[in-house]
Amino acid sequence: MEKYKKFIELFEKWNTKINLVARGEDIIGRHIKNSLAILPYLKNKKSITDIGSGGGFPGLILAMEKIHVKHLVESDGRKCAFLETAKRELGLDELEIINSRIEDLEGFNAETITSRAFASVAETLRLTQNIATPETEYYLLKGQEVGAEIKEAKRTHDFDHETLTNDGATILYIYNVRRRG
């Protein structure tokens, strides 16, 4: 629990400067617990890339739980500075913070991709095509409109999916992704 106390103190300090999330939000209930909802599905994954990492949700939280998170990708340099500070303060030395737009990434293939409050399913699949392989799996924390997002994404991609729930969170698991046309 000490690591979460340290994370929350650091997060609150930075949030007043660069607005990682809306002020006054319940960091534990709304962000940390929501991020931990995908934990049971990732225990056997060897390499996880979190995209749109922002304030560290879910990637940094998963890394704190010793899940094999390798990359946190964030385009906002200020948020990357927060992520680098949190990485150092929390002793997460194996974590790589990448300050880049997702669509500009090259040089590695993502085994597993996670995201929370990032983009629509269709946009996520489009933006990650440079790092995804046919074997890449996605675990996306989604909201109420997940059905409409799946329908939209099926216009440009073929994929298998399951909608999972844990602790009230909706998790969209996507696999066997193939781009149409």
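Residues numbered from 1 in each chain as written. Predicted model: local features only at pLDDT ≥ 70, side-chain atom pairs only at ≥ 80, totals over all residues. Heavy atoms only, no water.

### Here we look at the sheet that holds strand β4 (residues 110–116)
Strand pairs in the sheet, formed through backbone hydrogen bonds, run parallel or antiparallel to each other. In plain terms, the rule: Two strands make a pair as long as DSSP finds a minimum of two bridges between them. Each helix is a run of DSSP H or I of at least 4 residues and each strand a run of E of at least 2, with the numbering of both proceeding from the N terminus. Working convention: axes come from line fits to C-alpha atoms, limited for helices to the stretch in contact. Angles between N-to-C directions cover 0 to 180 degrees. Here, residues are in contact when the closest pair of their heavy atoms is within 4.5 Å.
One open sheet holds the 7 strands; their spatial order is β3-β2-β1-β4-β5-β7-β6, and the pairing between them is mixed. Of all strands in the sheet, those with a lone pairing partner are β3 (96–99) and β6 (157–166), marking the two edges. Neighbouring strand axes in the sheet, compared pairwise and without regard to direction, differ in orientation by 20° on average. Two strands pair when backbone bridges link them, and β4 and strand β5 (residues 132–142) are joined in this way by 6 bridges, in the parallel orientation. The partner of Thr112 across the bridge, within β5, is Glu137. Where helix α2 (residues 27–36) meets the sheet, its contacts fall on β4, β5 and β7 (169–179), and the angle it forms with β4 comes to roughly 155°. Taken strand by strand, helix α7 (residues 146–153) contacts β5, β6 and β7, and its axis lies near 165° from that of β6.

### Some words on the environment of Asp167
Going by this rule: Only protein chains enter the accessibility calculation, which uses a 1.4 Å probe; a residue whose area is less than 20% of its type maximum is buried, one above 50% is exposed, and one in between is partly exposed.
Within the fold, Asp167 resides in the loop between β6 and β7. Taking relative accessible area as the criterion, Asp167 reaches 69% and is therefore assigned exposed. Each C-alpha atom of the pair Asp167 and Ile61 lies 16 Å from the other, and the pair is 106 residues apart in sequence.

Function-wise, these values are silent; they only describe arrangement.
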